[in-house]
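Residue-level structure breakdown
Residue-level listing of the chains:
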Amino acid sequence: MSRTITVKGVTLGAGAPKICVPMVGKTRQQLKDEAALMTTLDLDVVEWRVDFFEQVEDIIAVKEVLMQIRSILKDIPLLFTFRSAKEGGEKEVSTDFYFQLNREIATTGQVELIDIELFNEEQAIKELIEVAHKHDVFVIISNHDFDKTPPRDEIVARLKRAQDLGGDIPKIAVMPTSPLDVLTLLEATYRMKEQYADRPIITMSMAGAGVISRIAGEVFGSALTFGAANKASAPGQVAVGELRNVLSLLHRNL
């Protein structure tokens, strides 16, 4: 049986998928305003997409803003994510800086989760996971394909690899080119959950065609879904209020 993960009272891997809303502000003030908005929304987790932040290459500045965000969000779980340009993010930095940034943020005590991209050097991933776990930070190991949907078995293989590396929550997001691609993602999710996963997983098919995958997690096995507040951080994100209504409707009927 797949275990659950609980962060600040939010349990991933049980019941309806939990809702995560990204913050994508470029400036300190925008981020503070966005954090204040987050406290008014019906969400479960906030993600800081720090690759949008204009001072992201200044770790001291990142830590200062993180403290301000944390003081506003209070008890809302916070996921820290630098999404690389090659996986759909806003900026490219050196691999060394990427791991240094995540390592330093994991030790601050200000975040509950960090995101590490799967396609990095195995030893570097394992060392970062070790640092995160020492500071009681959970690790999402993620992969994003903005061009296509890999075959079902490849999706499963990537999720299994994230699990084998020690990630607490394997995650994959893929781009559909047809409705059949969405079915491929959903089938891979169900297969991973039923046959291999011993922890929560996150999957989604992006863009308009993939919206069904963002609301069907309780049926197929995805523990977290991403909703939008002001600006979506990925194609196909649904407004958080609408997302909650649909998730609740499905949950009541399962």
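Residues numbered from 1 in each chain as written. Predicted model: local features only at pLDDT ≥ 70, side-chain atom pairs only at ≥ 80, totals over all residues. Heavy atoms only, no water.

Within the protein chain one finds nine helices and 11 strands. Computed over the C-alpha atoms, the radius of gyration of the protein chain is 17 Å, within 12% of the 18 Å expected from 2.2 N^0.38 for a compact globule of 254 residues. Seen along its three principal axes, the alpha-carbon backbone of the protein chain occupies a region of about 45 × 40 × 35 Å. Here the protein chain holds 254 residues, and the buried ones make up 54% of them. (Helix = DSSP H or I, 4+ residues; strand = E, 2+ residues; numbered from the N terminus. Rg over C-alpha atoms; globule rule 2.2 N^0.38 Å. Buried < 20%, exposed > 50% of the residue type's maximum accessible area, 1.4 Å probe, protein only.)

Glancing now at helix H4 (residues 122–134). For H4, spanning 13 residues, the distance from its first C-alpha to its last is 19 Å, which sits close to the expected 18 Å at 1.5 Å a residue. Buried within H4 are the following residues: Ala124, Ile125, Leu128, Ile129, Val131 and Ala132. An end-on view of H4 places all buried positions within 160° of arc, on one side of the element. In this fold, the buried residues of H4 make contact with helix H3 (95–106), strand E6 (113–117) and strand E7 (138–145). In this structure Glu121 caps H4, since a side-chain oxygen of it lies 3.2 Å from the backbone nitrogen of Gln123. A positive phi of about 60° marks Asp136, the residue just after H4. (Expected span 1.5 Å × (residues − 1). Arc of directions from axis to C-beta. Contact = heavy atoms within 4.5 Å. Polar contact = N/O pair within 3.5 Å; in protein donor to acceptor, adjacent residues only side chain to side chain.)

A separate point is the environment of Lys8. Position of Lys8 relative to the elements: it lies in the loop between strand E1 (5–7) and strand E2 (10–12). Among the residues examined, Lys8 registers a relative accessible area of 42% and is labelled partly exposed. In this structure the C-alpha to C-alpha distance between Lys8 and Gln163, which are 155 residues apart in sequence, comes to 23 Å.

Turning to the pattern of salt bridges, a few remarks are in order. Summed over all chains, the structure comprises 21 salt bridges. Salt-bridge contacts for Glu122 lead to Lys126; the nearest nitrogen and oxygen are separated by 3.1 Å. Of this pair, Glu122 and Lys126 both sit in helix H4, four residues apart, roughly one helical turn. Overall, the relative accessible area of 34% leaves Lys126 in the partly exposed class. Three or more residues are tied together by salt bridges with common partners; here these are Arg83, Lys86, Asp115 and Glu117. (Salt bridge = Lys/Arg side-chain N within 4 Å of Asp/Glu carboxyl O.)

Attention shifts here to the packing of helix H5 (residues 152–164) against helix H6 (residues 179–196). In the contact formed by H5 and H6, the axes pass within 9 Å of each other and the chain directions differ by 45°. On the basis of their axis angle, the class for H5 and H6 is oblique. Crossing geometry of H5 relative to H6 is assigned as right-handed. Seen from H5, the contacting residues are Arg152, Ile155, Val156, Leu159, Lys160 and Gln163; seen from H6, they are Thr184, Leu185, Glu187, Ala188, Arg191, Met192 and Tyr196. Tallied by class, the residues present in the contact of H5 with H6 amount to seven nonpolar, two polar and four charged. (Axes fitted to C-alpha atoms, helices over the stretch in contact; angles between N-to-C directions. Parallel < 35°, antiparallel > 145°, perpendicular 65-115°, else oblique. Left-handed = near helix turned anticlockwise from the far one by under 90°. Nonpolar A, V, L, I, M, F, W, Y, C, P; charged D, E, K, R; others polar.)

Both faces of strand E5 (residues 78–81) are covered, namely the face carrying Leu78 and Phe80 and the face carrying Leu79 and Thr81. Across four bridges, strand E4 (residues 45–49) lies against E5 in parallel orientation. The residue bridging Val46 from the neighbouring strand is Leu78, located in E5. For the handedness criterion, the β-α-β arrangement of E4, helix H2 (residues 59–73) and E5 is classed as right-handed. Pairing geometry for E5 and E6, over two bridges, is parallel. Bridged to Leu79 within E6 is Leu113. At this point the chain moves from E5, through H3, to the parallel E6, and the crossover so formed is right-handed. (Pairing = 2+ DSSP bridges. Right-handed = clockwise from strand over helix to strand, strands pointing away.)

This structure, assessed with the given rule, holds four aromatic pairs. With a centroid separation of 5.8 Å and 85° between ring planes, the pair formed by Trp48 and Phe80 is classed as edge-to-face. Residue Trp48 is found in strand E4, and its partner Phe80 is found in strand E5; the two are separated by 32 residues along the sequence. On the basis of relative accessibility, which here comes to 0%, the residue Trp48 falls in the buried class. Under the relative-accessibility criterion, Phe80 is labelled buried at 0%. (Phe/Tyr/Trp six-rings, centres within 6.5 Å; stacked < 30°, edge-to-face > 60°.)

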